[in-house]
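# Fold and contact review
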Amino acid sequence: MPRKKDAPAAPKAGAPAIGTVPLKVGGKPHPELGLGLWSLGRWERDDETRTRATADHALSRGVRWFDTAEVYGTGRSERLLGDVLARGNVAPKELFVTTKVSWEHLRAAQVRAAVVGSLQKLARTSVDLILVHAPDRRVPIAETMGALEALWKEGKMGAIGVSNFSVEQLAEARAALHETDIVVNQVVYNLFDREDGDGVSEYCRKNGIVVEAYTPLMRGILAGRYLDGTPPSPEVRRFAHDLMDPNRYRTIVAAAREIRQVATEAKVPMASIALHWLRRRGAAVLFGASRPEQVDEILEAWGHRPSDAVLDRAEAIAQGATRA
Ligand SMILES: NC(=O)c1ccc[n+]([C@@H]2O[C@H](COP(=O)([O-])OP(=O)(O)OC[C@H]3O[C@@H](n4cnc5c(N)ncnc54)[C@H](OP(=O)(O)O)[C@@H]3O)[C@@H](O)[C@H]2O)c1
């Protein structure tokens, strides 16, 4: 019997192993796959139960890296994650919790207030990683980094990272730190959106910085979503406006259908191509999900590693589409 659309998925045994990569600061290894809590439910009150069920389910299936931010749901995401983790049966040392300081709070005093506020909402005295969500050209990077380094010395975070930073901005941030270093740069990265990820990968690899790839499924398209012609909902269009440019959207959906065919021939779930292509490029993968069964599908996909030849074919299709 088909499961009711919003019913929580039954826990399944045998979740695939999620490996880790070492971090040069903080002492905890960084999981290679994690769940982001940005779009979960889009923060409509009606969706909160489903959101909680999704995060709970991910925890029960072995996901340990959870990513949130002070801006997600203006604090509701951090509160919900804090609650899910507090009720869950997983020791803090097993978890890898990340949050972000908003690009609107990068002055020194604002950074401190933001970090203290985030920890309160998460109901923790420290998190594993705090990122600068995005740079703000009006605020010197050194000012923000100075404030974060002071908080790091107080033990409020295991390590400092950034998000949406270019190589130049990364170098500036690192130069402003005295006793620690940037460990992570979180950027948009998927088969169709490569500019930011490719742009920073080499610098990050040389300097021991982990590239965290967000929007790895291109809002679900790389997991087969919308390929039957169903249009994205208005709220998805609102949040993913770049992707929804009508010309780009048509080209990408056509290429994604070809990638789906490659996956079918290789007998792997389509999402495994998206996830393992990023893994092959050395990125840690931060996916989104708004239902427990999507978490199961992504974990299932993570458990299938397509051959290099399959990943090469998918990459060629995506490159053809993005050059068109
Ligand atoms: N640093 C930044 O500036 C930044 C920016 C964006 C995101 N992020 C982080 O990265 C995380 C992931 O980003 P994202 O949500 O854009 O990533 P994504 O993984 O590309 O997209 C997630 C969406 O894909 C759909 N999906 C998931 N599994 C599916 C499946 N098995 N089959 C079909 N569709 C599926 C769901 O859409 P529906 O919910 O519509 O069903 C889900 O919400 C965020 O939560 C956030 O933590 C960071």
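### Comments concerning the packing of helix H4 (residues 141–153) against helix H5 (residues 167–176)
At a minimum axis distance of 8 Å, the contact between H4 and H5 shows a crossing angle of 50°. Put simply, H4 runs oblique to H5. Relative to H5, H4 is oriented so that their crossing is right-handed. When H4 is examined against H5, the residues Ile 141, Ala 142, Met 145 and Glu 149 are found in contact with a partner set consisting of Gln 169, Glu 172, Ala 173 and Ala 176. Partitioned by chemical class, the residues of the contact of H4 with H5 number five nonpolar, one polar and two charged.

### Some points on the site of the ligand
Surrounding the ligand, one finds 30 residues, the nearest of these being Asp 67, Ser 163, Arg 225, Ser 290 and Glu 297. Thr 215 has a polar side-chain atom sitting 2.9 Å from an oxygen atom of the ligand. Coverage of the ligand by the protein amounts to 93% of the 910 Å² it exposes when considered alone. Those elements giving two or more residues to the shell around the ligand turn out to be strand S10 (284–288) and helix H10 (292–302). Residue classes in the shell around the ligand are distributed as 13 nonpolar, 11 polar and six charged.

### As for H10
Burial of H10 is extensive: eight of the 11 residues sit out of reach of the surface. Burial in H10 covers these residues: Pro 292, Glu 293, Val 295, Asp 296, Ile 298, Leu 299, Ala 301 and Trp 302. Buried residues along H10 sit in contact with strand S3 (33–36), helix H1 (48–60), helix H9 (270–280) and S10.

### Description of the pattern of salt bridges
Side-chain pairs of opposite charge can arise where the charged atoms are in close proximity. In total, this model carries 24 salt bridges according to the counting rule given. Arg 174 is the salt-bridge partner of Asp 181, the closest N and O atoms lying 2.9 Å from each other. Asp 198 is the salt-bridge partner of Arg 281, the closest N and O atoms lying 3.2 Å from each other. Pair noted here: Arg 281 is in the loop between H9 and S10 and Asp 198 is in helix H6 (residues 195–206), with a separation of 83 residues, a long-range link. Taking relative accessible area as the criterion, Arg 281 reaches 34% and is therefore assigned partly exposed. A cluster of three or more residues bridged by salt bridges with shared partners is formed by Arg 194, Asp 198, Arg 280, Arg 281, Asp 308, Asp 312 and Glu 315.

### Points about the sheet that holds strand S7 (residues 157–163)
Taken together, eight strands build a closed barrel; the order of strands is S3-S4-S5-S6-S7-S8-S9-S10 and the barrel is parallel. The mean inter-strand angle of the sheet, taken between neighbouring strand axes irrespective of direction, is 30°. Pairing of strand S4 (residues 65–67) with strand S5 (residues 96–101) involves three bridges; the strand directions are parallel. When the bridges of S5 are listed, Phe 66 appears paired with Val 97. Relative to S5, helix H3 (residues 108–122) is tilted by about 140°, and along the sheet it contacts S5 and strand S6 (127–132). Its contacts with the sheet put H6 on strand S8 (182–188) and strand S9 (210–214), and the angle it makes with S8 is roughly 160°.

What counts, and at which threshold
Residues numbered from 1 in each chain as written. Predicted model: local features only at pLDDT ≥ 70, side-chain atom pairs only at ≥ 80, totals over all residues. Heavy atoms only, no water. Axes fitted to C-alpha atoms, helices over the stretch in contact; angles between N-to-C directions. Helix = DSSP H or I, 4+ residues; strand = E, 2+ residues; numbered from the N terminus. Parallel < 35°, antiparallel > 145°, perpendicular 65-115°, else oblique. Left-handed = near helix turned anticlockwise from the far one by under 90°. Contact = heavy atoms within 4.5 Å. Nonpolar A, V, L, I, M, F, W, Y, C, P; charged D, E, K, R; others polar. Near = heavy atom within 4 Å. Polar contact = N/O pair within 3.5 Å; in protein donor to acceptor, adjacent residues only side chain to side chain. Areas by Shrake-Rupley, 256 points an atom, 1.4 Å probe, with all protein chains shown as cover. Buried < 20%, exposed > 50% of the residue type's maximum accessible area, 1.4 Å probe, protein only. Salt bridge = Lys/Arg side-chain N within 4 Å of Asp/Glu carboxyl O. Pairing = 2+ DSSP bridges.

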